[in-house]
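The primary structure of each chain is shown beneath.
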Amino acid sequence: MEQRDLLKDQIDQLGKVLAKILSNFLGLKSNGKVSQGIELTNQSLQSELDINIDKLTTLSINELPNYLKSRKLNAGHLEILSEYLKEIGIIEMNKNRENAELYLRKAIELLNIADEISKTISLDRMNKKCEIEDLL
């Protein structure tokens, strides 16, 4: 029982760290420091959570769930990561359409995996997917 509570605490802590990292990124973005925000966020994800965004975006749909599972990410965590990838995709739209589409498609994949993990279809996730598809 105690071990389960410890695992739950670790997962909760992971969610807080992810939310803080995304919040820091959005703060830098709103201050016009987009490139710095992406660089710092990617570094934070790698150093604090062992999530390599470059690797994540290149994994196949079959490899991605195992990568995420090995990092103990739950559906809520994937929604946060998806939001981050969506933001990068929007930023990349003006620079490199192909890169933008890669980030946006991966954001949708993360939401689909979140549906699978939670074993539910969330209206919120459905709306997020529609928003991203509209950007494509």
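Bear in mind the structure is a predicted one, so any value in this text is a computation, not a measurement. (Residues numbered from 1 in each chain as written. Predicted model: local features only at pLDDT ≥ 70, side-chain atom pairs only at ≥ 80, totals over all residues. Heavy atoms only, no water.)

(A) Representation of the packing of helix α5 (residues 75–92) against helix α7 (residues 123–135) in the model. Running from N to C, α5 and α7 cross one another at 20 degrees; their axes reach a closest spacing of 11 Å. The pairing of α5 with α7 is recorded here as roughly parallel in orientation. With respect to the hand of their crossing, α5 and α7 are arranged in left-handed fashion. Residue-level inspection shows Ala-75, Glu-79, Ser-82, Lys-86 and Ile-90 of α5 in contact with α7, the latter providing Asp-124, Arg-125, Lys-128, Glu-131, Ile-132 and Leu-135. Residues belonging to the contact of α5 with α7 are distributed by class as follows: four nonpolar, one polar and six charged. (Axes fitted to C-alpha atoms, helices over the stretch in contact; angles between N-to-C directions. Helix = DSSP H or I, 4+ residues; strand = E, 2+ residues; numbered from the N terminus. Parallel < 35°, antiparallel > 145°, perpendicular 65-115°, else oblique. Left-handed = near helix turned anticlockwise from the far one by under 90°. Contact = heavy atoms within 4.5 Å. Nonpolar A, V, L, I, M, F, W, Y, C, P; charged D, E, K, R; others polar.)

(B) Representation of unusual backbone geometry within the structure. With a phi angle near 55 degrees, Asp-50 is a residue other than glycine that sits in the positive phi range. Mapping Asp-50 onto the fold places it in the loop between α2 (34–49) and α3 (53–58). Non-glycine residue Lys-72 carries a positive phi angle of around 60 degrees. Turning to its location among the elements, Lys-72 is positioned in the loop between α4 (64–70) and α5.

(C) Quick peek at the environment of Ile-108. Tracing the backbone shows Ile-108 in helix α6 (residues 97–118). Ile-108 gets classed as buried once you look at its relative accessible area, which sits at 11%. Among residues more than four places away in sequence, those in contact with Ile-108 are Lys-129, Ile-132, Glu-133 and Leu-136. (Buried < 20%, exposed > 50% of the residue type's maximum accessible area, 1.4 Å probe, protein only.)

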